[in-house]
Amino acid sequence: MIKLQEKMQEYIDNGTSLGWLIDRQNQKVYIYRPNREFEILDNPEAVSGNPELPGFVLRMGKIW
């Protein structure tokens, strides 16, 4: 998981505005945005793409 987190941070450092790293085994979502610490959601029902993807919501039920 550490290598994936490092890769996600590399994407953000190179200009990506939003990244979601989904850990299905532990049912966590790591949210990456520029100039911020990543955020961890524990077993969320849904993940919002706002403000970068207005109106986009990823329902997690089928993913878990």
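Our structure's up above, just so we're on the same page.
Trainee: Explain the pairing of strand β2 (residues 28-32) here, please?
Mentor: Along a regular strand, successive side chains alternate from one face of the sheet to the other. Within β2, 4 of the 5 residues are buried, which leaves it mostly tucked inside the rest of the structure. Sheet analysis places strand β1 (residues 19-23) next to β2, joined by 5 bridges and oriented antiparallel. Each residue of the ladder has a partner; that of leucine 21, found in β2, is tyrosine 30. Count of turn residues in the β1/β2 antiparallel hairpin: 4 residues, of which glutamine 27 carries a positive phi of about 50°. As paired strands, β2 and strand β3 (residues 39-42) are joined by 4 bridges and run antiparallel to one another. Residue pairing for β3: lysine 28 is matched across the bridge by aspartate 42. Linking β2 to β3, which pair antiparallel, is a turn of 6 residues; within it asparagine 35 sits at a positive phi near 60°.

Trainee: Would you mind going over the sheet that holds β1 with me for this structure?
Mentor: Strands pair in a sheet through their backbones, by hydrogen bonds, and they do so in one of two ways: parallel or antiparallel. Strand order in the open sheet formed by 3 strands is β1-β2-β3, and the pairing between neighbours is antiparallel. Strands at the two margins of the open sheet, each flanked by one partner only, are β1 and β3. Geometrically, the sheet is characterised by an average inter-axis angle of 20° between neighbouring strands, direction not taken into account. Of the strands in this sheet, β1 and β2 touch helix α1 (residues 2-13), which is tilted by about 170° from β1.

Trainee: Is there a simple way to explain the nonpolar core in this structure?
Mentor: Across soluble globular proteins, nonpolar side chains show a tendency to be buried alongside one another. By size, the foremost hydrophobic cluster in this structure holds 6 residues: Leu18, Trp20, Val29, Ile31, Val47 and Met60. With near-sequence residues (within four places) excluded, methionine 60 lies in contact with Ile22, Val29, Pro44, Glu45, Ala46 and Val47.

Trainee: Please clarify how α1 should be interpreted in this entry.
Mentor: Between its terminal C-alpha atoms α1 stretches 16 Å, which fits the 16 Å expected from 12 residues at 1.5 Å a residue. Within α1 the residues assigned to the buried category are Gln5, Met8 and Ile12. Down the axis, α1 shows its buried residues gathered within 60° of arc, on one side only. Projecting away from the buried face of α1 at angles above 90 degrees are the exposed residues Lys3, Glu6 and Asp13. Here the buried face of α1 lies against β1 and β2.

Cut-offs used in this document
- Residues numbered from 1 in each chain as written.
- Predicted model: local features only at pLDDT ≥ 70, side-chain atom pairs only at ≥ 80, totals over all residues.
- Heavy atoms only, no water.
- Buried < 20%, exposed > 50% of the residue type's maximum accessible area, 1.4 Å probe, protein only.
- Helix = DSSP H or I, 4+ residues; strand = E, 2+ residues; numbered from the N terminus.
- Pairing = 2+ DSSP bridges.
- Axes fitted to C-alpha atoms, helices over the stretch in contact; angles between N-to-C directions.
- Contact = heavy atoms within 4.5 Å.
- Core = buried A, V, L, I, M, F, W, Y, C linked by side-chain atoms within 4.5 Å.
- Expected span 1.5 Å × (residues − 1).
- Arc of directions from axis to C-beta.

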